[in-house]
Amino acid sequence: MFEEMHRRGEPFDYSRRAAEMLRHRFVCRAVRRLDPHPTRLLDVGCSMGQLTAQLARLPQALFAVDLSPTAIHGARQRLRAVGVPARFVVASATALPFREGTFDVVVLSDGLHSWQLPPEERRLALVQAHRVVRPGGHALLTEYLQPRAFPEFVGQVRASPFELVSIEYLYDRLWYQFESWFKAVRHWGWVRRLFGSMPVAVWLRALARPLGPRGSRHICVVARRSL
């Protein structure tokens, strides 16, 4: 399914929709707070490298994996175009081809649920992320869910070998509601410009912030591998 999606082009317009660009910036800032200069960072489920390119400024060595060969090809081209070295591997989140304790930070952005993994494979993906991160290192997970499903997602991380560190919300629910109003005409020029407007995305996020978790569709969980 994901291979076919990537063959048709960039899924979800990650590099053009303001809410997704803000999410990528959020992830980069969150990683920088965890480890300003990680030696090795892994981006799991990198798609066509939109977030990977943002993360590339942080570590000494950047690795990324995706299940889709077409996605990996696109991500490799994107990173080459900006002159940033990275190593890409076609692999599954449930079978990461790296030695134990390889990475300082592992990022799983919009992963466990958005990849449509069944519960047992979600558990296995967390076990794999825990295995490849070094003791004292971190995993950062974002997920797109209805707010009522946030506790279940947090519970899955708590039930994993990781130690839960923090939970944050992206306050982007109004943005996705806003997008849905114009979905039928999303290809019109002025609508595309509106969807790409960072000021609009920032304004809608500010409006949603007082709602707390109910104002979010994205949750961010940071977890740590114990020493």
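Up top you'll find the structure we're talking about.
Residues numbered from 1 in each chain as written. Predicted model: local features only at pLDDT ≥ 70, side-chain atom pairs only at ≥ 80, totals over all residues. Heavy atoms only, no water.

What follows covers the nonpolar core. One finds Leu42, Val44, Phe98, Val106 and Leu108 to be the most contacted residues of the largest nonpolar core, which totals 31 residues. Among the secondary structure elements, those contributing two or more residues to this core are strand S1 (40–44), strand S2 (61–66), strand S4 (103–109), helix H5 (119–132), strand S5 (133–144), helix H6 (150–158) and strand S7 (218–224). Residues within four places of Val44 in sequence aside, it is in contact with Val65, Ala93, Leu96, Val106, Val107, Leu108, Ser109 and Trp115. Counting residues in each nonpolar core, the second largest holds 24 residues, with Leu79, Val105, Val107 and Leu170 among its members. (Core = buried A, V, L, I, M, F, W, Y, C linked by side-chain atoms within 4.5 Å. Buried < 20%, exposed > 50% of the residue type's maximum accessible area, 1.4 Å probe, protein only. Helix = DSSP H or I, 4+ residues; strand = E, 2+ residues; numbered from the N terminus. Contact = heavy atoms within 4.5 Å.)

With respect to the secondary-structure elements, Ser180 resides in helix H7 (residues 173–181). Each C-alpha atom of the pair Ser180 and Pro38 lies 38 Å from the other, and the pair is 142 residues apart in sequence.

With that settled, consider the sheet that holds S4. Strands sit in the order S3-S2-S1-S4-S5-S7-S6 across an open sheet of 7 strands; the sheet is mixed. Edge positions in the sheet fall to strand S3 (87–90) and strand S6 (163–169), since each of these pairs with one other strand and no more. Going from strand to strand, the sheet's axes swing by 15 degrees on average, the running direction of each strand aside. Where helix H2 (residues 18–34) meets the sheet, its contacts fall on S1, S4, S5, S6 and S7, and the angle it forms with S5 comes to roughly 160 degrees. Lying on the sheet, helix H4 (residues 69–81) is in contact with S2 and S3; it crosses S3 at an angle near 175 degrees. (Pairing = 2+ DSSP bridges. Axes fitted to C-alpha atoms, helices over the stretch in contact; angles between N-to-C directions.)

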